[in-house]
Amino acid sequence: MPAAYALARYSVIGKKFLKSFFLSPTIIPGIVVGYALYQYTVLTLHFPVFESLLLGHFLVVLPYVIRIVGSSLDQFDFAIEEAALSLGCQKGQAFFKVVLPNITSGISAAFMLSFINSFNNIPVSMFLTGPGVTTLPTTLMNYIEYNYDPTVSAVSVLLMVATIVIMFIVEKTLGISALAK
């Protein structure tokens, strides 16, 4: 979010280059990202497996957060923030009391898209998991490889139901009905 805020709010030198740089992980195949992160974080820097996995998924979802939150900030009128500053708010107060509530829908959309992308990103997870550290999608994929029963289908149905419940909650709190009030 800080990168998206800085790119939307300020006139930064090389803004187009920075936006392209932040979006570059989306054009690189997941297997290449996973292997490169494994080589660099685990073998070169000797990070623990869990921290490497977190870093890998952070890097995979970063472009989506910057793009979605950035588009919400592009539509935000920063004159409102300047008005709050002129009325005595500190910079941090103005951000948390004025800007953040106005971009909540963009933040929630970025969270959902990032979570779904991270959850489904098996190549990065395959390279960066190790003993005692695994993700649900890689566990399900390994389970399908050796077992033939409906367990994975049942888990998939539970995940779909959880997604529907989450989307219903988001619609009720941030959706069209919240705008009508």
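Residues numbered from 1 in each chain as written. Predicted model: local features only at pLDDT ≥ 70, side-chain atom pairs only at ≥ 80, totals over all residues. Heavy atoms only, no water.

*Asks:* So what exactly am I meant to see when it comes to a nonpolar patch on the surface here?
*Replies:* Nonpolar side chains collect at one region of the surface, where Val 157, Met 160, Val 161, Val 165, Phe 168 and Ile 169 lie side by side and expose about 570 Å² of accessible area between them. If you trace the backbone, Val 157 turns up in helix α10 (residues 151–174). (Patch = residues over 30% accessible without salt bridge, like charges linked within 9 Å, V, L, I, M, F, W, Y side chains within 5 Å. Areas by Shrake-Rupley, 256 points an atom, 1.4 Å probe, with all protein chains shown as cover. Salt bridge = Lys/Arg side-chain N within 4 Å of Asp/Glu carboxyl O. Helix = DSSP H or I, 4+ residues; strand = E, 2+ residues; numbered from the N terminus.)

*Asks:* What is the right way to read the UniProt feature "domain: ABC transmembrane type-1" (unreviewed entry) in the chain from this model?
*Replies:* Mapped onto this structure's residue numbering, the UniProt feature "domain: ABC transmembrane type-1" (unreviewed entry) falls at residues 1–170. Across residues 1–170, the secondary structure splits into 79% helix and 0% strand, with the terminal C-alpha atoms separated by 20 Å. (UniProt positions renumbered as here; feature names shortened; annotations may be inferred.)

*Asks:* Would you mind showing me how to read the nonpolar core here?
*Replies:* Generally speaking, nonpolar side chains in soluble globular proteins are found buried as a group. Of all hydrophobic cores here, the largest spans 16 residues; its most connected members are Tyr 5, Val 69, Leu 73, Phe 78 and Val 99. Looking at this core, the elements with two or more residues in it are α1 (2–9), α4 (49–75), α5 (78–86) and α6 (91–102). Non-local contacts of Phe 78, meaning those with residues more than four positions away in its chain, are made with Tyr 5, Ala 8, Arg 9 and Leu 73. In this structure, Val 33, Val 42, Leu 53 and Val 133 belong to the second largest nonpolar core, which totals 8 residues. (Core = buried A, V, L, I, M, F, W, Y, C linked by side-chain atoms within 4.5 Å. Buried < 20%, exposed > 50% of the residue type's maximum accessible area, 1.4 Å probe, protein only. Contact = heavy atoms within 4.5 Å.)

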